[in-house]
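# Chains, contacts and geometry: an overview
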Amino acid sequence: MTETADDTALHQVATVAELEPGTSTVVEVEGEQIALFHVDDEYFALSNVCPHQGGPLGQGRIEDDCVYCPWHGWQFDVETGEHVQGDDAVGTYDVVVEGDQIHVRV
């Protein structure tokens, strides 16, 4: 964990080799479930909890820069966390890649 000037911390959560393109994983940071995605050579992190009924977004399919909740198909933009068809959104986290280490800012 690395402290930053704005009182948030970077947490090392995975390595680049552990997250193949087009895949996701779920990590826990400070008691929060975070879905980590590798899409188009970029990494994104969202809350793992769908606001509809709590579905695990990290287990959803990824298509066209969106993740589809595996329970009821709600889709969220992996970069912004915005619900594509409505006003709901999920929280996002900054992702920092340093060398082969993937960090999430919480």
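Structural notes, computed from the coordinates. (Residues numbered from 1 in each chain as written. Predicted model: local features only at pLDDT ≥ 70, side-chain atom pairs only at ≥ 80, totals over all residues. Heavy atoms only, no water.)

What follows is about the side chain of Q75. If you trace the backbone, Q75 turns up in strand β8 (residues 75-77). Classification of Q75 by relative accessible area gives buried; the value is 12%. Those residues in contact with Q75 that sit more than four places away from it in its chain are C66, V67, Y68, E82, H83, V84 and Q85. (Helix = DSSP H or I, 4+ residues; strand = E, 2+ residues; numbered from the N terminus. Buried < 20%, exposed > 50% of the residue type's maximum accessible area, 1.4 Å probe, protein only. Contact = heavy atoms within 4.5 Å.)

Enumeration over the complete set of coordinates arrives at two salt bridges. The salt bridge partner of E63 is R61, with a shortest N-O separation of 3.3 Å. Overall, the relative accessible area of 48% leaves R61 in the partly exposed class. A salt bridge links D94 to R105; its shortest N-O distance comes to 3.7 Å. Within this pair, whereas D94 is found in strand β9 (residues 92-98), its partner R105 is found in strand β10 (residues 101-105), the two being separated by eleven residues in sequence. Under the relative-accessibility criterion, D94 is labelled partly exposed at 49%. (Salt bridge = Lys/Arg side-chain N within 4 Å of Asp/Glu carboxyl O.)

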